[in-house]
Amino acid sequence: MRILQLTDTHLYGDPASRHYDRIDTAAALRAVLARVRGMEGVDVVVHTGDASDDGSVASYRLLHELVDPFAASLGAPLVVTMGNHDVPAAYAEVAGPGDHGGPWQDRVRALPRGGRVIVLDSSVPGAGYGHLDPEQLEWLREVLAAPAASGAPAGGEADGPTVLAIHHPPLVGATPLLRGLDLDGLDALADVLAGSDVRAILSGHYHHPMTGSIAGIPVLVGPGITNVVDPLAAGGVERAGARSGAQLVEIDAPGAPGVRATSAEWASGGDTLEDPERPVYEFGPDVVAQILRAAGR
């Protein structure tokens, strides 16, 4: 399976809005799509959340106006995950409800060439951290226990791998700000995933590439399209640059080497400043503490 992973587009319903008063997020997305247009052998395009910044229905319509034709040109379906900036009820007005009851956009997408993508909505209304309700975990357990009944081709792994997409990575963040906005309940999620046929977990949220694992399953975090975080900034500083990225995830057949993630980054195509080296943001510890309090932590 070959997956093109896009993440953190932070689109607005108002075309005049700018992220951090600087980044034209629609232009940044268009530039990334132009960079990867014509990629061959892509089975699915997965957007791993924060599709919108303002949570508006108009922003989700814009997402699909831009990405649906692009995905179709690759011969691949588009799967979208909800992030902490997203509003699942607004997205439902564009894409329909999720696959089970509750306010979530959880769903299962069987792929034309085999395999499936399971989407988990880790958003928490009004908060920046991630959470999965017990009902979601039970739904996931049922989906993994009965793959054929959940929309995957009969035979499970023999017909293609299962991939889990969740905006908040089931990892520990690399910076104080990201750690404060992490996904909670990792032990409960690991218990559901242990022994399952999930081959890879795709996430966004961190705005920089990162790898790890949970329950022995690789976790692959893609770079942001709106900006790319510098996780190695020193002195307690949180910094992001005017760059955009995308990631290609390749999953081998059973018995082959495994899972690979290859990411690329470019100067942002949505930057409105003449100085691309100037950070999009640079926060000290005091500002980080204020952000975390406002984000629910």
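These figures come from a predicted structure and were not determined experimentally.

Before going further, it helps to examine unusual backbone geometry. For Asp 8, which is not glycine, the phi torsion reads 55° and is therefore positive. Locating Asp 8 in the fold gives a position in the loop between strand E1 (2–6) and helix H1 (25–36). Exposure remark for Asp 8: the relative accessible area of 0% places this residue in the buried category. Although it is not a glycine, Tyr 20 sits at a positive phi angle of roughly 50°.

Here we come to the sheet that holds strand E14 (residues 281–283). Overall, antiparallel pairing links the three strands, which are arranged E10-E11-E14 in an open sheet. The sheet is open, and its two borders are formed by strand E10 (228–230) and E14, each paired with just one other strand. Across this sheet, the average inter-strand angle for adjacent strands is 25°, counted without regard to direction. Where strand E11 (residues 238–241) meets E14, three bridges bridge the pair, whose relative direction is antiparallel. In the strand pairing of E14, Ala 240 is matched with Tyr 281.

With that settled, consider the confidence of the model for the protein. Per-residue confidence for the protein gives a mean pLDDT of 94, with 96% of residues at or over 70. Overall, residues 148–156 carries pLDDT values under 50, and its contacts beyond four positions in sequence, including any with other chains, amount to 13 contacts.

Taking 1.5 Å per residue as the helical rise, helix H4 (residues 134–145) with its twelve residues ought to reach 16 Å, and the 16 Å between its terminal C-alpha atoms agrees with that figure. When H4 is considered as a whole, its buried residues turn out to be Gln 136, Leu 137, Trp 139, Leu 140, Val 143 and Leu 144. Seen end-on, H4 carries its buried residues on one side only, within an arc spanning 160°. With respect to the buried face of H4, the exposed residues turned more than 90 degrees away are Pro 134 and Ala 145. Residues of H4 that are buried in the fold lie against strand E4 (107–110), strand E5 (116–120), strand E6 (162–166), helix H6 (186–193) and strand E7 (198–203).

All right, on to the pattern of salt bridges then. One pass over the structure, following the stated rule, counts twelve salt bridges. Among the ionic pairs, Arg 113 bridges to Asp 43, the shortest N-O distance being 2.7 Å. Taken as a pair, Arg 113 in the loop between E4 and E5 and Asp 43 in the loop between H1 and strand E2 (44–47) lie far apart in primary sequence, 70 residues in all. Classification of Arg 113 as exposed rests on a relative accessible area of 52%. Its relative accessible area of 13% is what places Asp 43 among the buried residues. A salt bridge links Arg 260 to Asp 252, with the shortest nitrogen-to-oxygen separation between them at 2.7 Å. The network of salt bridges with shared partners includes Arg 2, Glu 250, Asp 252 and Arg 260.

Time to look at the environment of Val 79. Along the polypeptide, Val 79 turns up in strand E3 (residues 78–80). Along the primary structure Val 79 and Val 117 are separated by 38 residues, whereas in three dimensions their C-alpha atoms are 7.9 Å apart. Those residues within four positions of Val 79 in sequence are excluded, and the remaining contacts are Val 44, Val 45, Val 46, His 47, Arg 109, Val 117 and Val 119.

The rules we used
- Residues numbered from 1 in each chain as written.
- Predicted model: local features only at pLDDT ≥ 70, side-chain atom pairs only at ≥ 80, totals over all residues.
- Heavy atoms only, no water.
- Helix = DSSP H or I, 4+ residues; strand = E, 2+ residues; numbered from the N terminus.
- Buried < 20%, exposed > 50% of the residue type's maximum accessible area, 1.4 Å probe, protein only.
- Pairing = 2+ DSSP bridges.
- Axes fitted to C-alpha atoms, helices over the stretch in contact; angles between N-to-C directions.
- pLDDT = per-residue confidence, 0-100.
- Contact = heavy atoms within 4.5 Å.
- Expected span 1.5 Å × (residues − 1).
- Arc of directions from axis to C-beta.
- Salt bridge = Lys/Arg side-chain N within 4 Å of Asp/Glu carboxyl O.

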